[in-house]
Amino acid sequence: MKKLGFGTMRLPLLNPDDAASIDIPQFKKMADVFMGRGFTYFDTAYPYHQEHSEEAVREAVVKRFPRDSFVLADKMPILRVTKSEDYQVFFDEQLKRCGVEYFDYYLLHNLGRDRYVNTEKCGGFPFIEKLKREGYVKNIGFSFHDDAQTLDKILTDHPEVDFVQLQINYLDWDSIAIQSGACYEIAKKHGKKIMVMEPIKGGTLANLPEAAMEKFNSFYSSFGDDALTPASLAIRYAASLNDVQVVLSGMSDINQLDNNTTYMQDFKPLSEDEYKLVDEITEILGSAGTIQCTSCHYCLEVCPKNINIPEYFGLYNMHAVTGKKSNMYYERFSMNHGKASECVKCGLCENNCPQHINIRERLEDFATLYEQEEK
């Protein structure tokens, strides 16, 4: 199986203001090119495109190609599950929406420390294991957005899963918040196949700042290959990792698909010099007003409010680099921890910080960013 997967979360639209208005004729053309160039993996989910992605996959792919010629992944919407019986209801609906009798890969969607509690309570893992035994799915796993410690716990509790889907890109590799690198190592430790999502970080790594683009253009100026773009560098970075089976790209038009399939058709891992280029670009991206926290957790050891300072600072840094917030991560990181605004200004954290960060002041900045609307 070729390493590029077609993510159907950002399909072409007839009306850019209406996520449900999927341009099916263009999607069909994209599927034709994708399959024609030897790629087979399609990834969808219950809520994508206001619950119309699965139907679009049925129209553009399932109805038009033999079932054994493509690989289909779908995801159980665990956020909507309130009782055990819900799993079967959602799964039956997904089979109908997609027009298939089985899924090649089936995932519990977006597990983290919060949703894991309810998934355990309602029996999510036994349910997908039963689907595999009965032949309704071939491989079982979950997509994941949380820290490496939580991933390790889930995989330790559930060795029966075949794979995990992780957010991996070079910007998040050493991120305190996303922990791409650490999560990758945990999945490897447990011997799981790895599917990659967000290799371009929602477009951030396709639109580099001027200083980073100068580095990029200078490096590739002599290659004479239009397919070598910032997006291609990011996707190839993820695909170059050992144990990665598929890298998903949410392609929104035929040009993006043409570009991605061109350089991934005969995939070449990053060279040593390209890895150095990635390091240089990452350094430029990371210099945008970030907090120089190393996540040693010494501050957390002495905080009387048990405020999750390192991971909050990781979220702050993510916003400083990309301009994007993640309330989902904040909710997860604050589980069983104090919120940033609960800091009592005692200063114990700063006395314990090897980096001498003005933690009290930076927590105020973080609280303004993430909690201002809540007050």
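For the structure itself, look to the data block above.
In every chain, residue numbers begin from 1 and rise along the written sequence. Totals for whole chains, interfaces and linings use all residues, but because this is a predicted model, local features are given only for residues with pLDDT of at least 70 and pairs of side-chain atoms are given and counted only at 80 or more. To obtain the side-chain values, all non-hydrogen atoms of the structure were used and water was disregarded.

**Digging into the overall build of the protein chain**
- Helix and strand counts for the protein chain come out as 17 helices and eight strands.
- For 375 residues, the compact-globule estimate of 2.2 N^0.38 gives 21 Å, and the C-alpha radius of gyration of the protein chain, at 21 Å, lies within 12% of that figure.
- Along the first, second and third principal axes, the C-alpha set of the protein chain runs to 65 × 60 × 40 Å.
- We call a residue buried when its accessible area falls under 20% of the maximum for its residue type, exposed when it is over 50%, and partly exposed in between, using a 1.4 Å probe and counting protein chains only. Every one of the 375 residues in the protein chain was classed for burial, and the buried ones make up 53%.
- Every residue pair with non-hydrogen atoms within 4.5 Å of one another is taken to be in contact. Pairs at least 24 apart in sequence give 75% of the contacts found in the protein chain among residues at least 6 apart.
- For the protein chain, the accessible surface area stands at approximately 16400 Å², while carbon and sulfur atoms represent 47% of it.
- Neither His nor the chain termini are counted; the positive set is Lys and Arg, and the negative set is Asp and Glu. Throughout, a charge is located at the NZ atom of Lys, the CZ atom of Arg, the CG atom of Asp or the CD atom of Glu. Treating the 41 positive side-chain charges of the protein chain as one cloud and the 56 negative ones as another, the clouds have centres 4 Å apart. The secondary structure listing takes helices from DSSP runs of H or I that are at least 4 residues long and strands from runs of E that are at least 2 residues long, numbered from the N terminus. Using C-alpha atoms as the atom set, the radius of gyration is obtained and then compared with a globule rule of 2.2 Å times the number of residues to the power 0.38. In these tables, accessible area is a Shrake-Rupley quantity obtained with a 1.4 Å probe, and a residue counts as shielded only by the protein chains included in the view.

**Brief notes about the sheet that holds strand β3 (residues 71–76)**
- The strand order β1-β2-β3-β4-β5-β6-β7-β8 describes a closed barrel built from eight strands, whose pairing is parallel. Going from strand to strand, the sheet's axes swing by 30 degrees on average, the running direction of each strand aside.
- Pairing of β3 with strand β4 (residues 103–111), which is carried by four bridges, proceeds in the parallel orientation. Following the sheet pairing, Ala73 is matched in β4 by Tyr105. Two strands form a pair only when DSSP identifies at least two bridges running between them. Each axis is a line fitted through C-alpha atoms, and for a helix only the stretch in contact is used; angles between axes span 0 to 180 degrees, taken between their N-to-C directions.

**Some points on the nonpolar core**
- Among the buried residues, those of types Ala, Val, Leu, Ile, Met, Phe, Trp, Tyr and Cys that are joined through side-chain atoms within 4.5 Å form a nonpolar core. Ranked by size, the top nonpolar core spans 87 residues in total, and within it Met76 and Phe142 carry the most contacts.
- Looking at this core element by element, the count peaks at seven residues for helix α10 (residues 230–239).
- With 27 residues, the next largest nonpolar core counts Ala177, Ile291, Tyr316 and Phe366 among its residues.

**Some remarks on the packing of aromatic side chains**
- Here a Phe, Tyr or Trp ring, Trp counted by its six-membered ring, pairs with any other such ring whose centre lies within 6.5 Å, and the pair is stacked when the planes are under 30 degrees apart, edge-to-face when over 60, and tilted otherwise. In the structure shown here, the tally under the stated rule is 31 aromatic pairs.
- Ring geometry for Phe6 versus Phe27: centroids 5.6 Å apart, planes at 65 degrees, classification edge-to-face. Of this pair, Phe6 sits in strand β1 (residues 4–7) while Phe27 is found in helix α1 (residues 24–36), placing the two residues 21 residues apart along the sequence. Across this residue pair, the class does not change: Phe6 and Phe27 are buried.
- Residues Phe91 and Phe103 carry aromatic rings whose centres are separated by 5.8 Å and whose planes lie at 75 degrees to one another, so their mutual orientation is edge-to-face. Of this pair, Phe91 sits in helix α4 (residues 85–98) while Phe103 sits in strand β4, and the two are 12 residues apart along the sequence.

**Notes on helix α7 (residues 148–157)**
- The set of residues buried in α7 consists of Ala148, Thr150, Leu151, Ile154 and Leu155. Projected down its long axis, α7 shows its buried positions confined to an angular sector of 155 degrees, all on one face. Away from its buried face, by an angle of more than 90 degrees, α7 presents the exposed residues Gln149 and Thr156.
- Summarising the contacts, the buried residues of α7 are in contact with β4, α5 (113–122), α6 (124–133), β5 (137–144), β6 (163–167) and α8 (180–189). For this quantity, the arc is that covered by the directions from the helix axis to the C-beta atoms.

**Focus on unusual backbone geometry**
- The backbone of Asn110 shows a phi angle near 60 degrees, a positive value even though the residue is not glycine.
- By the secondary structure assignment, Asn110 is in strand β4.
- Here Asn110 falls in the buried class, since its relative accessible area comes to 10%.
- Look at Gln179: it is not a glycine, yet its phi comes out positive at around 60 degrees.
- Here Gln179 shows up in the loop between β6 and α8.
- You can call Gln179 buried: its relative accessible area is 15%.

**Overview of the pattern of salt bridges**
- Any carboxyl oxygen of Asp or Glu that lies within 4 Å of a side-chain nitrogen of Lys or Arg is treated as forming a salt bridge with it. By the definition in use, this model includes 28 salt bridges.
- The partner of Glu51 in a salt bridge is Arg97, and the shortest N-O contact between them spans 2.7 Å. Placement of Glu51 in helix α2 (residues 48–51) and of Arg97 in helix α4 is noted, with a sequence separation of 46 residues between them.
- Residue class for Arg97 comes out buried when judged on its relative accessible area of 8%.
- Put simply, Arg67 and Asp104 hold a salt bridge, and the shortest N to O gap is 2.9 Å. Note that Arg67 is positioned in the loop between α3 (53–62) and β3 and Asp104 in strand β4, a separation of 37 residues in sequence.
- Accessibility expressed as a relative area gives 19% for Arg67, which makes it buried.
- The exposure class of Asp104 is buried, given its relative accessible area of 7%.
- One salt-bridge network, held together by shared partners, links Glu51, Glu54, Arg80, Glu93 and Arg97.

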